[in-house]
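Each chain, letter by letter, is given below.
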Amino acid sequence: MRLGWLRGAWTSAVLLACLAFSGFPAHSATAQKPAKAQAPAAVVPQADTANEVSIGAEGRYALSRSFSYLEDASGELVLADLLKPEAQARFQPVPQTGPATNFGLTRSAIWLRVTLRAAPDAPADWMLELAYPPLDRLELYAPDGKGGFSRQVGGDLSPFAERAVVHRNHVM
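Residues numbered from 1 in each chain as written. Predicted model: local features only at pLDDT ≥ 70, side-chain atom pairs only at ≥ 80, totals over all residues. Heavy atoms only, no water.

1. Quick notes on the pattern of salt bridges
Turning to step 1, where the next piece is worked out: Scanning the entire structure with this criterion turns up five salt bridges.
Turning to step 2, where the next piece is worked out: R117 is paired through a salt bridge with E52; the nearest N and O atoms lie 3.2 Å apart. With R117 in strand β7 (residues 109-118) and E52 in strand β3 (residues 52-55), the pair connects residues that are 65 residues apart, well separated along the chain.
Turning to step 3, where the next piece is worked out: Residue R117 is classed as partly exposed on the basis of its relative accessible area, which comes to 33%.
Turning to step 4, where the next piece is worked out: Among the ionic pairs, K84 bridges to D81, the shortest N-O distance being 4.0 Å.
Turning to step 5, where the next piece is worked out: Using a relative accessible area of 24% as the deciding quantity, one classes D81 as partly exposed.
Turning to step 6, where the next piece is worked out: A single salt-bridge network, built from bridges that share partners, covers R137, E139 and R151. (Salt bridge = Lys/Arg side-chain N within 4 Å of Asp/Glu carboxyl O. Helix = DSSP H or I, 4+ residues; strand = E, 2+ residues; numbered from the N terminus. Buried < 20%, exposed > 50% of the residue type's maximum accessible area, 1.4 Å probe, protein only.)

2. Observations concerning the packing of aromatic side chains
Turning to step 1, where the next piece is worked out: On inspection of all chains with the given rule, the structure shows three aromatic pairs.
Turning to step 2, where the next piece is worked out: Both rings, one in W111 and one in Y141, keep their centres 6.0 Å apart while their planes meet at 25 degrees; by these two values the pair is stacked. Taken together, the residues span a long stretch of sequence, with W111 in strand β7 and Y141 in strand β9 (residues 137-143) at a distance of 30 residues. Accessibility assignment for this pair places W111 and Y141 in one class, buried.
Turning to step 3, where the next piece is worked out: Over the ring of F91 we find R113; its NZ or CZ atom is 4.2 Å from the centre of that ring. (Phe/Tyr/Trp six-rings, centres within 6.5 Å; stacked < 30°, edge-to-face > 60°. Lys NZ or Arg CZ within 6 Å of the ring centre and 35° of its normal.)

Right, here's the structure in full:
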């Protein structure tokens, strides 16, 4: 089984995630180091700027307040479309109307983007957790360190046994 660690390119990583669902109430997303047996993780302050999170030696970082998003009403955009300058210009800050990111009920695909800036002493391996189990589909794109992106797929439409990390939430 391939574990869903994000490696290497965290010095200045931009994560893109496409979320597709029939309903999308409030949820939160965090990046966290792979836990050693029963190691507690501390929540740390938010990003330095609106769409950037500084990663250091803490065990857990809340990402929800740092996302920018693009709504794809057709649900047909792919990563190559989003990397074009005109699509990049369409990303906007996530409205801050509650304790977590919330797009309400929608049939649109929502693309989320966050920039992670890693300190030199930051661990190389991290996991992304989306704390909303009924999310239908999730695609995570992270820089692969070779000029491209790695892709991981999850969501409750995929068999639970195929998850890289067995957890009630989506962990990649």
